[in-house]
Amino acid sequence: MSHDSAARAGLDDPDANMVVRFDHVGLRYDLGPEVFRDIGFALPKGSFHFLTGGSGAGKSSVLGLCYLALRPTRGTIRLFGHDVTQLPRQVLPRLRRRMGVVFQDFRLIDHLSALDNVALPLRVAGAPETDIRRHVPELLAWVGLADHLDAKPPTLSGGQKQRVAIARAVINRPDLLLADEPTGNVDDRIAMRLLHLFEELNKMGTTVLIATHNEQLVQRFPYERLHLQAGRLTRHRGGGGASERAGVRPATDAPATPPRQP
Amino acid sequence: MRTLPLGRDRTAVLVPMLVGVMVFLAVLAAAGALALGNVLEDWSRDVSGSLTAQVPPVPGLGEAARMATDERVAQAAAVLRAQPGVASVRVLSEDELMALVEPWIGAGELVRDLPLPRLLDITLEPGAAARTNPGPMADVLRDAVPGATLDEHRLWLGRLMDLGEALGALGLAVVLVVSGATAVAVVHATRADLAAYRPVIEVLHMIGAQDGYIARQFAINALFQGLKGGLGGFMLALPTLAGVGLLADRVEAGLVPRISLSVVDWAILAALPLGAASLAMLTARVTVLRTLARMP
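Reading the values: the criteria
- Residues numbered from 1 in each chain as written.
- Chains lettered and ligands numbered in written order.
- Predicted model: local features only at pLDDT ≥ 70, side-chain atom pairs only at ≥ 80, totals over all residues.
- Pairing = 2+ DSSP bridges.
- Helix = DSSP H or I, 4+ residues; strand = E, 2+ residues; numbered from the N terminus.
- Axes fitted to C-alpha atoms, helices over the stretch in contact; angles between N-to-C directions.
- Contact = placed C-beta atoms within 7 Å.
- Buried ≥ 20, exposed ≤ 12 C-beta atoms within 10 Å, placed from the backbone.
- Expected span 1.5 Å × (residues − 1).
- pLDDT = per-residue confidence, 0-100.
- Parallel < 35°, antiparallel > 145°, perpendicular 65-115°, else oblique.
- Left-handed = near helix turned anticlockwise from the far one by under 90°.

Asker: Pulling in residues and values, what's your account of the sheet that holds strand β2 (residues 86–91) of chain B?
Answerer: All names here are of chain B. Strand order in the open sheet made by the four strands is β2-β3-β1-β4, with antiparallel pairing throughout. Looking at strand neighbours, the two that pair on one side only are β2 and β4 (149–151), the edges of this open sheet. In this sheet, neighbouring strand axes are inclined to one another by 25° on average, regardless of whether the strands run parallel or antiparallel. Pairing geometry for strand β1 (residues 50–55) and strand β3 (residues 118–124), over six bridges, is antiparallel. Bridge pairing in β3 links alanine 53 to leucine 120. Along the sheet, helix α2 (residues 63–81) makes contact with β1, β2 and β3, crossing β2 at roughly 170°.

Here it is in structure tokens:
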């Protein structure tokens, strides 16, 4: 099912419930060709979407625009109701703190322990150290890393790093979770477990957007899919998924529900 | 909590070393300028309050010539006393003159017969020294007593003081150049750190760190590196200063005035390493903020 976002977005009727909204967004890097020239979509509060497309289709660019690493060369992007092209640079950190981002390459800080890496978003936001000492180990235990609190990222396996990266993305209880190929480096079993984690967050109200090229994985879930191809974005109904999801459980060495975060 | 591993690589050695060398040079230059300033002040206090007049003797050996000379001296003294700004005029006696020349030509009757010029010591009124212009005074004196001259200490002293002031300005210039060099070194070290930790900075940026949070870590790091180097340079400069002071004391035969620094001077010198550290901190902060401002 194709979808015309411009008509739905209705510029005269800004919908405050939309966490992310792209209207006629175009992007080019320097003087290169446009990665895409007119894409539009909206993510309602509490929604769960996959973002698919071949390699080089622009999935990472869409996410980069969402987490404000990139600025659109045309069109408007609204985040939490704010037109980001109009916002001064100084207020962007406040918007970024409402998001959790799982980078494709994790981007953990190698000289900091797993605990300090996960604590980072709380620290830059000025959270009290007592809260950090209480909540961070709890979350790391929940993703199955209770025994690796003091481990530095270079000593962790790919799957473990991925879970540290995810813990860092969710420690702030973000309103918007953006994940770029979060299952790229792990086998299907761990991929399913991580996606279940995102589902749990989503159930608590977080809007989720996951970029992936793993079509099989997407088919197992009932969530709507945004597909990027040749600079155009189309919407597709989600896969069946329910039967497969039944077998998925959170990390076995952790409690079944995520701990409450500040 | 420091999230950037600053101060652990080669810039951690480079910046304190550079700041140390700079502070060492700055302390020496500033100490020289301050000591020179004190000397100049002493000199101008000593000398600007007085002038000396010379009256040539009337040729001849007889009592008549001596009387004529005395008369000229009395006339010169009267003219000088009438000048504005002059507090008193004292005529040096013949005995005093003899005492002055004795070290060079000895004493004795023969010396008394030499046609020595007579000297008048003129004391200016306090505060009048700056106002008094010796030029017109010399003219008046010459008109009244042929051949009489006004010996103006201030002419040669003025030139000496010009030189001294130029050297003092040079010291200040060294301090300024050294400050500039310190700032440039810190800018480069900070840029190197920024480049080295770019990925970490990007992560901090992406998770919502304000620019100030990142800049603060660089600024604190630069402050400590600056303090380390600055205090080191200051400590090295102290024995050097003491050594120069010792050498100057040894030739203290009136040729070289006693070199001394006041408490205020020492406070200024001690402020140099602190100033260097503050400069390093501010430079790092500005550099980081400018770089971050270019990030999206």
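Following the structure, the description resumes.
Asker: Requested: an account of the interface of chain A and chain B, with residues and values cited.
Answerer: Listed per partner, the contact involves 18 residues of chain A and 14 residues of chain B. Considering each element in turn, the side of chain A that touches chain B owes the most residues, four residues, to helix α4 (residues 114–124) of chain A.

Asker: I'd love a proper account of the pairing of strand β10 (residues 232–236) of chain A, names of residues and values included.
Answerer: Residues and elements named next belong to chain A. Of the strand pairs in this sheet, strand β9 (residues 224–229) and β10 are connected by five bridges, and their pairing is antiparallel. Paired with histidine 227 across the strands is threonine 234, a residue of β10. Once β9 ends, the chain turns through two residues before running back antiparallel as β10, passing alanine 230 with a positive phi of about 50°.

Asker: So what's going on with helix α3 (residues 94–105) of chain B? Residues and values would help.
Answerer: Counting buried residues along α3 of chain B, only zero of its twelve residues qualify, which leaves the element largely exposed. Downstream of α3 of chain B by a residue or two, glycine 106 of chain B has a phi angle that is positive, lying close to 75°.

Asker: Mind laying out helix α7 (residues 188–203) of chain A, listing which residues take part and the relevant values?
Answerer: Residues and elements named next belong to chain A. The terminal C-alpha atoms of α7 lie 22 Å apart, and with 16 residues this matches the ideal 22 Å at 1.5 Å per residue to within 8%. All buried positions along α7 are accounted for by Ala191, Met192, Arg193, Leu194, Leu195, Leu197, Phe198 and Leu201. The secondary structure elements touched by the buried residues of α7 are α6 (158–170), β7 (176–180), β8 (207–211) and α8 (215–219). Just downstream of α7, glycine 205 is the residue with a positive phi angle, here 110°.

Asker: Describe in detail unusual backbone geometry, supporting the description with residues and values.
Answerer: All names here are of chain A. We note that histidine 24 has phi near 50°; this positive angle belongs to a residue other than glycine. With respect to the secondary-structure elements, histidine 24 resides in strand β1 (residues 18–28). Taking the C-beta count within 10 Å as the criterion, histidine 24 has 16 such neighbours and is therefore assigned partly exposed. Even without a glycine there, the phi angle at arginine 107 is positive, about 55°. Topologically, arginine 107 is positioned in the loop between β6 (99–102) and α4.

Asker: Lay out the sheet that holds strand β4 (residues 74–79) of chain A in plain terms, naming residues and giving numbers.
Answerer: Residue and element names in this part refer to chain A. If you walk across this open sheet you meet the four strands as β2-β1-β4-β5, and the pairing is antiparallel. Both edges of this open sheet fall to β2 (34–44) and β5 (82–83), since each of them pairs with a single strand only. Set on the sheet, helix α2 (residues 59–66) makes contact with β1, β2 and β4; between it and β1 the angle comes to about 125°.

Asker: An account of the confidence of the model for chain A is needed here, citing residue identities and associated values.
Answerer: In the predicted model, chain A carries a mean pLDDT of 82, and the fraction of residues at 70 or more is 85%. Within the model, pLDDT remains below 50 along residues 1–13 of chain A, and this stretch shows 18 contacts once partners closer than five positions in the same chain are excluded.

Asker: Residues and numbers for the packing of α4 of chain A against α6 of chain A, please.
Answerer: Residues and elements named next belong to chain A. At a minimum axis distance of 7 Å, the contact between α4 and α6 shows a crossing angle of 30°. Between α4 and α6, the angle falls in the class roughly parallel. Of the two possible hands of crossing, α4 and α6 adopt the one that is right-handed. Between α4 and α6, the contacting residues are Ala114, Asn117, Val118, Leu120 and Pro121 on the first element and Val164, Ala167 and Arg168 on the second.

Asker: Break down the environment of phenylalanine 36 of chain A for me, with residues and values.
Answerer: Residues and elements named next belong to chain A. Tracing the backbone shows phenylalanine 36 in strand β2. When the 23 C-beta atoms within 10 Å are taken as the criterion, phenylalanine 36 is described as buried. Each C-alpha atom of the pair phenylalanine 36 and threonine 73 lies 10.0 Å from the other, and the pair is 37 residues apart in sequence. Apart from residues no more than four positions distant in its own chain, phenylalanine 36 is found in contact with Gly26, Leu27, Gly58 and Gly231.

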